[in-house]
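Here is what each chain is made of, one letter per residue.
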Amino acid sequence: MKKKPVIFCDFDGTVTVSDNIIAIMKQFAPKEWIVIKDDILAQRISIRHGVAQLFRLLPSSQKEEIIEYILQKMRIRKGFKEFVSWTEEKGIPFWIVSGGIDFFVYPTLEGVVKPEKIYCNHSDFTGERIEIIWPYTCDHLCQNDCGCCKVTILRQFDSTQIHRIVIGDSITDLQAAKMADQVFARDFLIEKCEEQKIPYFPFETFHDIRFVLEQEEVCQLI
Ligand SMILES: [Mg+2]
Ligand SMILES: [Zn+2]
């Protein structure tokens, strides 16, 4: 029996044109954020630890200002909405698996991706500084302290039954890309895939991804 395709799609820098956490930090954080960001990208500190530290740089009192800023600044990558509709037509399950935060992920995807199809981190503005809440931390098989652990999520799907398609752009997608049956990469994830010899398709728009999938047998099965 052929495997059924299931798509796991990153949010920041993948659905959106640029990374929203970076955009928030650039606008609101004191300059210490740059050292933390570099430590995350160089894998000197875990993503969960780094992102928690980044948001602790920001006072909760700025909540409304931050949300308004990011929702206004955010740009969606070309072809995204059409791509999600296409997956629905084809009956391909489509999940958002994001290291982003609820306050910008949910409003952006409203009316396009149902909330129950979204994995992302949550936020708490009740303290003096912004705290990130981690509903999807690593299982015992992942030692990376991911925050939102994409491999733990992928493992909840039966790999003998499904063809796992991972779409992403950065270091946060690397472990999932290693595990995937098929990878669509852009930006830093391309570098990492090259370095670690993970096969991938490069993409710039969601039309590129659909084009590849439509060519493939995997889609003829649905
Ligand atoms: Mg990303
Ligand atoms: Zn993990």
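Residues numbered from 1 in each chain as written. Chains lettered and ligands numbered in written order. Predicted model: local features only at pLDDT ≥ 70, side-chain atom pairs only at ≥ 80, totals over all residues. Heavy atoms only, no water.

## Some thoughts on the coordination of the zinc ion (ligand 2)
1) Next: The protein atoms that coordinate the zinc ion (ligand 2) are Cys138 (SG), Cys142 (SG), Cys146 (SG) and Cys149 (SG), at distances of 2.2 to 2.3 Å.
2) Next: Every donor counted, the four donor atoms about the zinc ion (ligand 2) form angles of 107 to 113° at the centre, which fits tetrahedral coordination.
3) Next: Counting gaps between the donor residues of the zinc ion (ligand 2) yields the pattern C-x3-C-x3-C-x2-C. (Donors = N, O, S within 2.8 Å, 3.2 Å for Na, K, Ca; no water. Tetrahedral: all angles 85-135°; square planar, octahedral: opposite > 155°, others 65-115°.)

## Topic: the nonpolar core
In summary, soluble globular proteins display a tendency toward joint burial of nonpolar side chains.
1) Next: In terms of nonpolar packing, the biggest core is built from 53 residues, with Phe55, Phe80, Ile96, Phe103, Phe104 and Ile167 touching the most fellow members.
2) Next: Ignoring any residue separated from it by four or fewer positions in sequence, one finds Phe80 in contact with Val15, Phe94, Ile96, Leu109, Val112, Val113 and Phe206.
3) Next: Counting residues in hydrophobic clusters, the runner-up holds 26 residues, among them Phe8, Trp95, Val97 and Ile198. (Core = buried A, V, L, I, M, F, W, Y, C linked by side-chain atoms within 4.5 Å. Buried < 20%, exposed > 50% of the residue type's maximum accessible area, 1.4 Å probe, protein only. Contact = heavy atoms within 4.5 Å.)

## Examining the layout of surface pockets
1) Next: Estimates place the volume of the largest pocket at around 480 Å³.
2) Next: Every residue lining the largest pocket is counted, 23 residues in all, and those nearest its centre are Asp19, Ile22, Leu41, Asp169 and Ser170.
3) Next: Elements with a minimum of two residues in the lining of the largest pocket: helix 1 (20–28), helix 2 (33–41), helix 3 (47–56) and strand 2 (94–101).
4) Next: Of the residues belonging to the lining of the largest pocket, the class tally is 10 nonpolar, six polar and seven charged.
5) Next: As a volume, the second largest pocket reaches approximately 240 Å³.
6) Next: Gln43, Ile47, Asn144, Cys146 and Ile171 are the residues nearest the centre of the second largest pocket, which is lined by 16 residues in total.
7) Next: Elements with a minimum of two residues in the lining of the second largest pocket: helix 7 (150–155) and helix 8 (174–179).
8) Next: Element by element, the count of residues in the lining of the second largest pocket is highest for helix 8, at three residues.
9) Next: A class-by-class count of the residues in the lining of the second largest pocket yields nine nonpolar, six polar and one charged. (1 Å grid on protein atoms, 1.4 Å probe; cavity = no way out; pocket = protein on both sides within 12 Å on 5 of 7 lines; lining within 4 Å. Points joined across faces, edges and corners; volume = space filled by probe spheres on them. Helix = DSSP H or I, 4+ residues; strand = E, 2+ residues; numbered from the N terminus. Nonpolar A, V, L, I, M, F, W, Y, C, P; charged D, E, K, R; others polar.)

## A few points about the coordination of the magnesium ion (ligand 1)
1) Next: For the magnesium ion (ligand 1), the full set of protein donor atoms is Asp10 (OD), Asp12 (O) and Asp169 (OD), and the range of their distances to it is 2.1 to 2.2 Å.
2) Next: Sequence positions of the residues that donate to the magnesium ion (ligand 1) give the spacing D-x1-D-x156-D. Each member of the pair, Asp10 as well as Asp12, is classed as buried.

## With respect to empty space enclosed by the protein
1) Next: For the structure shown, the criterion picks out one cavity of 30 Å³ or more.
2) Next: Its volume calculated, the largest cavity comes out at about 40 Å³.
3) Next: Taken together, Phe8, Cys9, Asp10, Val97, Lys150, Leu154, Val166, Ile167, Asp173 and Ala176 make up the lining of the largest cavity.
4) Next: When the residues that make up the lining of the largest cavity are grouped by side-chain class, the tally is seven nonpolar, no polar and three charged.

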